[in-house]
Amino acid sequence: MRRPFTAKSVDIVSLGCSKNLVDSERLMAQLAHSGIKVNHNPTESRAEVVVINTCGFIGDAKEESINTILQFAQAKQQRRICRLYVMGCLSERYRDELTEQIPEVDKFYGKFDWAGIVADLGATYRRDLSDLRTLTTPSHYAYLKISEGCNRMCSYCAIPLITGRHTSRPIEDIVAEVETLAKRGVKEIQVIAQDLSSYGRDLYGQSRLASLTEQISAVSGIEWVRLHYAYPSDFPMDILDVMAHNHKVCQYIDLALQHISDNMLRLMRRHITKEQTIALLNDIRRHVPGIHIRTTLIVGHPGETEQDFQELLQFVSETKFERLGVFTYSHEEDTYAYKHYTDDIPEDVKNSRAEQIMNLQADISYSLGQKKIGSVLPVIIDGVESDNTYVGRTQFDSPEVDPIVIVHSDSSLQMGQIVNVRITEAEEYDLIGSVVSNNI
């Protein structure tokens, strides 16, 4: 009789967004609790088993996931690893096709089959430890996933097809997790969800984002709380009062707008108009003076005319977002756009439009940065660059995606320390400054 397999060491390779990263951290904790040695995103895999947590959101992400699978499939053929498992969004969406096309993979799992993959690695899945995580971020901040899924069904988006309908976690469970994180030294909570605006509606009959944020910020040891991925339609306005009056809640919101032309908002099935969008932005800025708004846009969606694009370009120029990113449209199988529209914008046009917006945004970012010169801003220290020089972020900057602050200090600084920094220079995106006080 064949003996059950038990892994001694596992490398977890995590691709895609921070929501995927949280899933990887949970898997790592389950395996470690069963005595399995676990590494995250090693530069060179030395474990006997590799688990790839894939992304399947858009074309580039799918390509990266497939290339990573093929890379480790080759490693398995060369007997540098014994087993290869694949989980996550790509696997959830294309499990049958991938199983047929890449037989080197021992097994593909869906996004939420925790018990299955843990058992196949020879560990014991503990439901009572389902929120336990092995943090892969610097020890002073952590991502906090408060819900799964999305009900919005925008034309271009495959997320609801992968993750299902929006499902909120109970407030008490989330706060308990934050308390655990704070005891481990986490100071900054990065709240994440596919749709923050809908948090709580399924459990409590109304948005509870404001109440949740207040309770998270009240946890002893937490200094900053940052909100990511709100939806403009049905935006919970009461969160603005929390931002305005609670000093622990960062004056920062990630609000994905995608477009501004009424024609495109209709084709994208965004359930909001240009007039409503502009009114929302004005309300946000009026309620929270100085707030930094991050948004993402999509160019090249089917039906986007040159006039639509010029309207978007003008909107970016006038609105002057503090943080902005652009995606080119990806024609994703089984989405509304895939079924009902032709992918009619050439790739070179998509790329040109994206480049035009980002060139404009670079000028806006530089101009806004210049206005910060001479100001003193609290900065959290993320790392050391060299002697007396550190890398940090303001409350207006999320890790990995937003600008940094290069901090000069005559005294030694610690990771996670929050210091007052006088801004002396501003580059296209990043700021440079010197510590003026260590009393935060």
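Calculation rules
- Residues numbered from 1 in each chain as written.
- Predicted model: local features only at pLDDT ≥ 70, side-chain atom pairs only at ≥ 80, totals over all residues.
- Heavy atoms only, no water.
- Helix = DSSP H or I, 4+ residues; strand = E, 2+ residues; numbered from the N terminus.
- Rg over C-alpha atoms; globule rule 2.2 N^0.38 Å.
- Buried < 20%, exposed > 50% of the residue type's maximum accessible area, 1.4 Å probe, protein only.
- Contact = heavy atoms within 4.5 Å.
- Lys, Arg positive; Asp, Glu negative; His and termini not counted.
- Charge placed at Lys NZ, Arg CZ, Asp CG, Glu CD.
- 1 Å grid on protein atoms, 1.4 Å probe; cavity = no way out; pocket = protein on both sides within 12 Å on 5 of 7 lines; lining within 4 Å.
- Points joined across faces, edges and corners; volume = space filled by probe spheres on them.
- Nonpolar A, V, L, I, M, F, W, Y, C, P; charged D, E, K, R; others polar.
- Phe/Tyr/Trp six-rings, centres within 6.5 Å; stacked < 30°, edge-to-face > 60°.
- Lys NZ or Arg CZ within 6 Å of the ring centre and 35° of its normal.
- Arc of directions from axis to C-beta.
- Polar contact = N/O pair within 3.5 Å; in protein donor to acceptor, adjacent residues only side chain to side chain.
- Salt bridge = Lys/Arg side-chain N within 4 Å of Asp/Glu carboxyl O.
- Expected span 1.5 Å × (residues − 1).
- Pairing = 2+ DSSP bridges.
- Axes fitted to C-alpha atoms, helices over the stretch in contact; angles between N-to-C directions.
- Disulfide = S-S within 2.5 Å.
- Core = buried A, V, L, I, M, F, W, Y, C linked by side-chain atoms within 4.5 Å.

Trainee: What is the right way to look at the overall build of the protein in this model?
Mentor: Secondary structure assignment for the protein yields 14 helices and 18 strands. In terms of overall size, the protein behaves like a compact globule, its C-alpha atoms giving a radius of gyration of 22 Å where 440 residues would be expected to give roughly 22 Å. Across its three principal axes, the protein shows a C-alpha extent of roughly 70 × 60 × 45 Å. The buried share among the 440 residues of the protein stands at 55%. For the protein, the proportion of contacts with a sequence separation of at least 24, taken over those separated by at least 6, is 73%. Within the protein, the 61 negative side-chain charges are centred at a point lying 6 Å from the centre of the 46 positive side-chain charges.

Trainee: When you look at empty space enclosed by the protein in this model, what are you seeing that I'm missing?
Mentor: Over the atoms rolls a probe the size of a water molecule, and in doing so it shows where empty space is left. Within this structure, the stated rule accounts for 1 cavity of 30 Å³ or more. For the largest cavity, the calculated volume is near 90 Å³. Taken together, 13 residues make up the lining of the largest cavity; nearest its centre are Arg-323, Gly-369, Lys-372, Tyr-429 and Leu-431. For the lining of the largest cavity, the element with the highest residue contribution is helix α14 (residues 347-370), accounting for 3 residues. Looking at the lining of the largest cavity residue by residue, the classes come out as 6 nonpolar, 3 polar and 4 charged.

Trainee: What is the right way to look at unusual backbone geometry in this model?
Mentor: For residues that are not glycine, phi is negative in most cases, and the peptide bond is trans in most cases. Even without being a glycine, Met-153 presents a positive backbone phi close to 55°. By the secondary structure assignment, Met-153 is in the loop between β7 (147-148) and α5 (159-163).

Trainee: How do you make sense of the packing of aromatic side chains when you look at a structure like this?
Mentor: Taken as a whole, this structure holds 4 aromatic pairs when the rule is applied. A centroid spacing of 6.2 Å and a plane angle of 90° characterise the contact between Tyr-141 and Tyr-143, whose relative ring orientation is edge-to-face. There is no split in this pair, since Tyr-141 and Tyr-143 are both buried. Of note, Arg-208 hangs over the ring of Tyr-204, and the distance from its end group to the ring centre comes to 4.7 Å. Sitting over the ring of Tyr-336, Arg-269 keeps its end group 3.9 Å from the ring centre.

Trainee: Would you explain helix α8 (residues 209-217) in this entry?
Mentor: Each α-helix turn comprises 3.6 residues. Residues three or four places apart therefore point the same way. Among the residues making up α8, those that are buried are Leu-209, Ala-210, Leu-212, Thr-213, Ile-216 and Ser-217. Seen along its axis, α8 keeps its buried residues to an arc of 165°; they face one direction. In the core, the buried residues of α8 are packed alongside β6 (141-145), α6 (171-183), β9 (188-192), β10 (224-230), α9 (238-245) and β11 (249-255).

Trainee: Please explain the side chain of Ser-9 as it appears in this structure.
Mentor: Following the sequence through the fold, Ser-9 ends up in strand β1 (residues 9-14). Residue class for Ser-9 comes out buried when judged on its relative accessible area of 17%. Here the side chain of Ser-9 touches Glu-48 through a polar contact of 3.2 Å, landing on its backbone nitrogen. Residues within four places of Ser-9 in sequence aside, it is in contact with Ile-36, Lys-37, Ala-47, Glu-48 and Val-49.

Trainee: Just to check I follow, could you spell out the side chain of Glu-48 for this structure?
Mentor: Structurally, Glu-48 can be placed in the loop between β2 (37-40) and β3 (49-54). At 5.2 Å, Lys-8 is the nearest oppositely charged side chain to Glu-48, a buried residue that forms no salt bridge. Among the polar contacts made by the side chain of Glu-48, one reaches the main-chain amide nitrogen of Lys-8 at a distance of 2.3 Å. Every residue in contact with Glu-48, bar those within four places of it in the chain, is listed here: Thr-6, Ala-7, Lys-8, Ser-9, Ile-81, Cys-82 and Arg-83.

Trainee: I'm lost on α6 in this one. Help?
Mentor: An ideal rise of 1.5 Å per residue puts 18 Å on 13 residues; α6 measures up with 19 Å between its terminal C-alpha atoms. Every buried residue of α6 is accounted for by Ile-171, Ile-174, Val-175, Glu-177, Val-178, Leu-181 and Ala-182. Projection of α6 onto a plane perpendicular to its axis shows the buried side chains occupying an angular sector of 155°, all on one side. Every exposed residue of α6 that faces more than 90 degrees away from the buried side is listed here: Glu-172 and Lys-183. Turning to α6, the residues buried within the fold contact α1 (18-33), β6, β9, α7 (201-204) and α8. Looking at the residues trailing α6, positive phi occurs at Gly-185, about 100°.

Trainee: Would you explain the sheet that holds β3 in this entry?
Mentor: Hydrogen bonds along the backbone pair up the strands of a sheet, which may run parallel or antiparallel. Taken in spatial order, the 5 strands of this open sheet run β2-β1-β3-β4-β5, and their pairing is parallel. Edge strands, defined here as strands with exactly one partner in the open sheet, are β2 and β5 (107-108). Sheet analysis places β1 next to β2, joined by 4 bridges and oriented parallel. Paired with Ile-12 across the strands is His-40, a residue of β2. The sheet contacts of α1 involve β1, β2, β3 and β4 (83-88), and relative to β1 the element is tilted by about 170°. The strands touched by helix α2 (residues 59-77) within the sheet are β1, β3 and β4, with β3 carrying the most contacts at an inclination of about 170°.

Trainee: Help me understand the state of the cysteines, please; the structure alone is not making it clear to me.
Mentor: Inspection of the entire model under this criterion finds 0 disulfides. For the unlinked cysteine Cys-157, the closest cysteine sulfur is that of Cys-154, found at 6.3 Å. Taking relative accessible area as the criterion, Cys-157 reaches 13% and is therefore assigned buried.

Trainee: What is the right way to read the nonpolar core from this model?
Mentor: One recurring pattern in soluble globular proteins is that nonpolar side chains are buried together. Formed by 54 residues in total, the largest nonpolar core has its most connected members in Ile-146, Ile-189, Val-191, Ile-216, Phe-235 and Leu-255. Examining the composition of this core, we find that 6 residues originate from one element, α6, more than from any other. Once residues within four sequence positions are removed from consideration, Ile-189 is found in contact with Ala-142, Leu-144, Val-178, Leu-181, Ile-216, Ile-222, Trp-224, Val-225 and Arg-226. Grouped together as the second largest cluster of nonpolar side chains are 18 residues, Ile-12, Val-51, Tyr-109 and Trp-114 included.

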